[in-house]
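A structural walkthrough
One-letter residues, chain by chain:
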Amino acid sequence: MPAPIEGEPMLSLRHIVAILLVGFSLSSGAFAQKRDAYFPTDDEVRLLLTQTERAVNEYKPLLDRWEKTLGTEGSEAVAKDREVVRAIEDAIVVFRKTPQAFNSPLGFAYFEWLDDACRNALLASLSASNTATAELIGGDKDKAESNIELAKDFSNLSTVFYTVSENAGALYSRFVKGEDQLAKEAARTLTECSDALKKYPPKQ
């Protein structure tokens, strides 16, 4: 190790550790503020939850109607749809308690479940429409009209879920970009701290 330049400050290991701790403390506070700026806020997550709850509250009665329409096959036909609904509702409970939990892998899962609900509602709409067509051909006008209405309701709901899932996707994209930005800034801070310490060789 080269000899220190005369007059250069000499630091003990204890002093170096103290400097590092202070530096990390200051940078942690700055990162916490930037996290709030980069990531979806509690209010934004709560708004998303309200939008989702409205869609789910419309979805469940439609599934009940569709299950009843399908008769003995109804329960099995809507099983996956109900599974997605339960997953969404479970996530809502978590996010209501801790909105920032959205800014985690659970937030991405939530986005995927909303996308699944959108697709499932659209498939139900197509199925109800096909059933209505068969009933018209069979001469059962009343059932056909009921299922045509059900198909429209599922189609409209699919559009609602699409909008909500797009909102969730946009929020989660912000979280991912924020994570990347904070990681870059943290690495830069550590590099600057390391470079600064190199100017002060430890006291022998």
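Look up a bit, the structure's there.
In short, a report on the structure.

Here helix H2 (residues 42-70) spans 41 Å end to end across 29 residues, near enough to the 42 Å set by a 1.5 Å rise per residue. Those residues of H2 not exposed but buried are Val45, Leu48, Leu49, Thr52, Ala55, Val56, Tyr59, Leu62, Leu63 and Trp66. A positive backbone phi angle near 70° is found at Gly71, which sits one or two residues after H2.

Relative placement of two packed helices is described by the angle separating their axes and the distance separating the axes. Packing of H2 against helix H5 (residues 105-137) brings their axes to within 12 Å, and their N-to-C directions diverge by 30°. Accordingly, the angle class assigned to the pair H2 and H5 is roughly parallel. Where H2 crosses over H5, the two elements pack in a sense that is left-handed. Between H2 and H5, the contacting residues are Leu48, Leu49, Thr52, Tyr59 and Trp66 on the first element and Tyr110, Leu114, Ala117, Asn120, Ala121, Ser127, Ala128 and Thr131 on the second.

Of note, Glu149 is situated in helix H6 (residues 141-197). Along the backbone, Glu149 and Ala132 are 17 residues apart, and their C-alpha atoms lie at a distance of 9.3 Å.

With that out of the way, let us pick up the nonpolar core. Where a protein is soluble and globular, its nonpolar side chains tend to be buried together. Grouped together as the largest cluster of nonpolar side chains are 36 residues, with contacts concentrated most on Tyr59, Ile88, Phe95, Phe102, Tyr110, Phe154 and Phe161. At the level of secondary structure, the elements contributing two or more residues to this core comprise H2, helix H4 (79-97), H5 and H6. Here the element with the most residues in this core is H6; it accounts for 10 residues. Ignoring sequence-local partners within four residues, the contact set of Phe154 consists of Tyr59, Leu62, Leu63, Trp66, Ala121, Ala124 and Ser125.

Tracing the chain through its elements places Ser158 in helix H6. Given the relative accessible area of 7%, Ser158 is considered buried. In contact with Ser158, other than residues within four places in its own chain, are Cys118, Ala121 and Leu122.

Thresholds, definitions, all that
Residues numbered from 1 in each chain as written. Predicted model: local features only at pLDDT ≥ 70, side-chain atom pairs only at ≥ 80, totals over all residues. Heavy atoms only, no water. Helix = DSSP H or I, 4+ residues; strand = E, 2+ residues; numbered from the N terminus. Expected span 1.5 Å × (residues − 1). Buried < 20%, exposed > 50% of the residue type's maximum accessible area, 1.4 Å probe, protein only. Axes fitted to C-alpha atoms, helices over the stretch in contact; angles between N-to-C directions. Parallel < 35°, antiparallel > 145°, perpendicular 65-115°, else oblique. Left-handed = near helix turned anticlockwise from the far one by under 90°. Contact = heavy atoms within 4.5 Å. Core = buried A, V, L, I, M, F, W, Y, C linked by side-chain atoms within 4.5 Å.

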